[in-house]
Amino acid sequence: SGDGNTVCGLMSTGGKPIASIPGAAPACGKKITTMLEQLKELGAAFKGLTITGATVKGDTATFESVTTEPALAADVVRSFKAVRIAGKWYVTQG
């Protein structure tokens, strides 16, 4: 679950990094790794990904109006949200 753990290290929930919640990182890593394995064929859509146009308000960011290179990734990235916790950005759910 190495790739999943890496992804989970960039995520937060309830205003806290997942890595700071006891037991959450291994559970997240296991779930995310399964999903990543299913999505590997889409990997080319995210290779060298650049994102332009995120909306940042204080410690939160949304991506509804972004453009991406490669462009195909925009449909996925637009659903992302992010939160800044202790100066570091994390992808968050809701």
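Every value quoted in this text rests on a predicted model; they were computed, and no experiment measured them.

S.K.: Go over the overall build of the chain, please, and point to the residues and values.
M.R.: Across its full length, the chain holds three helices and eight strands. Along its sequence from the N terminus, the chain presents helices and strands in the succession α-β-β-α-β-β-β-β-α-β-β. Scaling as 2.2 N^0.38, a compact globule of 94 residues should have a C-alpha radius of gyration of about 12 Å, and the chain matches this with 14 Å. Dimensions along the principal axes, computed over C-alpha positions, put the chain at roughly 35 × 35 × 20 Å. By the burial criterion, 24% of the 94 residues in the chain qualify as buried. Considering only contacts in the chain between residues 6 or more positions apart, those separated by 24 or more positions represent 43%. For the chain, the accessible area works out to roughly 6200 Å², and carbon and sulfur atoms hold 59% of it.

S.K.: Could you give an account of the confidence of the model for the chain, naming the residues involved and the relevant values?
M.R.: Of the residues in the chain, 93% have a pLDDT of 70 or more, and the chain-wide mean is 86. Confidence scores differ between elements of the chain, with helix α1 (residues 2-8) showing the lowest mean pLDDT of 80 and strand β4 (residues 55-57) the highest of 96.

S.K.: Tell me about the state of the cysteines, residues and numbers included.
M.R.: As enumerated under the stated definition, the model contains one disulfide in all. Residue C8 pairs covalently with C28 via a disulfide, S to S 1.9 Å. Judged by the sign of its S-S torsion, about -90°, the bond between C8 and C28 is left-handed. Taken together, the positions of C8 in helix α1 and C28 in helix α2 (residues 24-39) put the pair 20 residues apart, joining distant regions of the chain. Its relative accessible area of 2% is what places C8 among the buried residues.

Conventions we followed
- Residues numbered from 1 in each chain as written.
- Predicted model: local features only at pLDDT ≥ 70, side-chain atom pairs only at ≥ 80, totals over all residues.
- Heavy atoms only, no water.
- Helix = DSSP H or I, 4+ residues; strand = E, 2+ residues; numbered from the N terminus.
- Rg over C-alpha atoms; globule rule 2.2 N^0.38 Å.
- Buried < 20%, exposed > 50% of the residue type's maximum accessible area, 1.4 Å probe, protein only.
- Contact = heavy atoms within 4.5 Å.
- Areas by Shrake-Rupley, 256 points an atom, 1.4 Å probe, with all protein chains shown as cover.
- pLDDT = per-residue confidence, 0-100.
- Disulfide = S-S within 2.5 Å.

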